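Residues per chain, in single letters:
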Amino acid sequence: MDRRTGRRRLIVPALALLLLLVLTRTSLAQLDATPAAGTWAGWLSVLADGIKVFEAAAVLFGVSQIWLGRGERREAEARAAGLARKAANFQAWQVINSAQGKGGSGGRVDALADLIANDVSLAGVKLDGAWLEKARLDGGHLREASFESANLSGASLRGADLQDANLTRVTLVAADLRGASLRGALLREALLSTADLRDADLHGVQGWESITSLTY
């Protein structure tokens, strides 16, 4: 807790104490001005007023603590969310790395989607031979990634950065590559039947002469 926060926390209790003193003095002045001054009834009246003031001060103090603590709660929630995101990213990377060089999905479809959702760069990731059918990789940072012989049939790569990626013998049948950057990517023997390449950046694409299929 910094000095500024500490000062803010002291302001409300000080104001509450000041209010208590003012109201108590007012009650005593009223007591002196009444015929019942110095009697038990008068003192009980002052005591009752004092209790009311104390209750009001307690409520004011409680509300102030809730109000002043809202910033700390937000910071704590933000820190907890950040730690949870880091833990999720670490687990996703573990899934991807442990499945490296193996066939099948190995949980990589969900892991990749989670990392992209958290805006984590996947530049240079190795996904050779992976089964990533219908994977959601929109907007992914996949520059220089390797998808050699991977199955990306029906995958969504809209707006993805695949610059200089290795897409040798990759299956991109019915894949959505709209607006994707394939600048300098290697597409040797790739399968691109029914793939949607509208607005894709194809400058400097390599191996396009040996693309296996580009129908429809």
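Residues numbered from 1 in each chain as written. Predicted model: local features only at pLDDT ≥ 70, side-chain atom pairs only at ≥ 80, totals over all residues. Heavy atoms only, no water.

Caption draft 1: Main features of the overall build of the chain. The secondary structure content of the chain amounts to 4 helices and 0 strands. The buried share among the 216 residues of the chain stands at 35%. Taking the contacts inside the chain whose residues are at least 6 apart along the sequence as the reference set, 15% of them involve residues at least 24 apart. When the accessible surface of the chain is summed, it comes to about 13,100 Å², and 59% of that surface belongs to carbon and sulfur atoms. (Helix = DSSP H or I, 4+ residues; strand = E, 2+ residues; numbered from the N terminus. Buried < 20%, exposed > 50% of the residue type's maximum accessible area, 1.4 Å probe, protein only. Contact = heavy atoms within 4.5 Å. Areas by Shrake-Rupley, 256 points an atom, 1.4 Å probe, with all protein chains shown as cover.)

Caption draft 2: Seen up close, helix 4 (residues 108-117). Three or more residues of helix 4 are buried, namely R108, V109, A111, L112, L115 and I116. Viewed end-on, helix 4 has its buried residues packed into an arc of 170°, placing them on one side of the element. What points out from helix 4, more than 90 degrees from its buried face, is the exposed set D110 and A117. (Arc of directions from axis to C-beta.)

Caption draft 3: Focus on the pattern of salt bridges. Applying the stated criterion to the full structure yields 8 salt bridges. With its nearest N and O atoms 3.0 Å apart, the salt bridge here joins R183 to D201. Of this pair, R183 sits in the segment after helix 4 while D201 sits in the segment after helix 4; the two residues are 18 residues apart in sequence, bridging distant segments of the chain. The shortest N-O distance in the salt bridge between D196 and R198 comes to 2.6 Å. A cluster of three or more residues bridged by salt bridges with shared partners is formed by R158, D176, R178, D196 and R198. (Salt bridge = Lys/Arg side-chain N within 4 Å of Asp/Glu carboxyl O.)

Caption draft 4: Examining the side chain of S181 more closely. Within the element layout of this structure, S181 appears in the segment after helix 4. Setting aside anything within four residues of it in sequence, one finds S181 in contact with A160, D161, L162, Q163 and D201.

Caption draft 5: Seen up close, unusual backbone geometry. The backbone of E144 sits at a positive phi, close to 65°, despite the residue not being glycine. With respect to the helices, strands and loops of the structure, E144 is situated in the segment after helix 4. Backbone geometry at R169 places phi at a positive 55°, although glycine is not the residue there. With respect to the secondary-structure elements, R169 resides in the segment after helix 4.

Caption draft 6: Here's a closer look at the nonpolar core. Core analysis: the largest hydrophobic core is formed by 39 residues, its most contacted members being L132, L142, F147 and L162. Of all the secondary structure elements, the ones that give two or more residues to this core are helix 3 (70-98) and helix 4. Broken down by element, this core gets its largest block of residues, 5 residues, from helix 4. Apart from residues lying up to four places away in sequence, F147 is in contact with L127, D128, L132, L142, L152, L162, N166, L167, T168 and V170. (Core = buried A, V, L, I, M, F, W, Y, C linked by side-chain atoms within 4.5 Å.)

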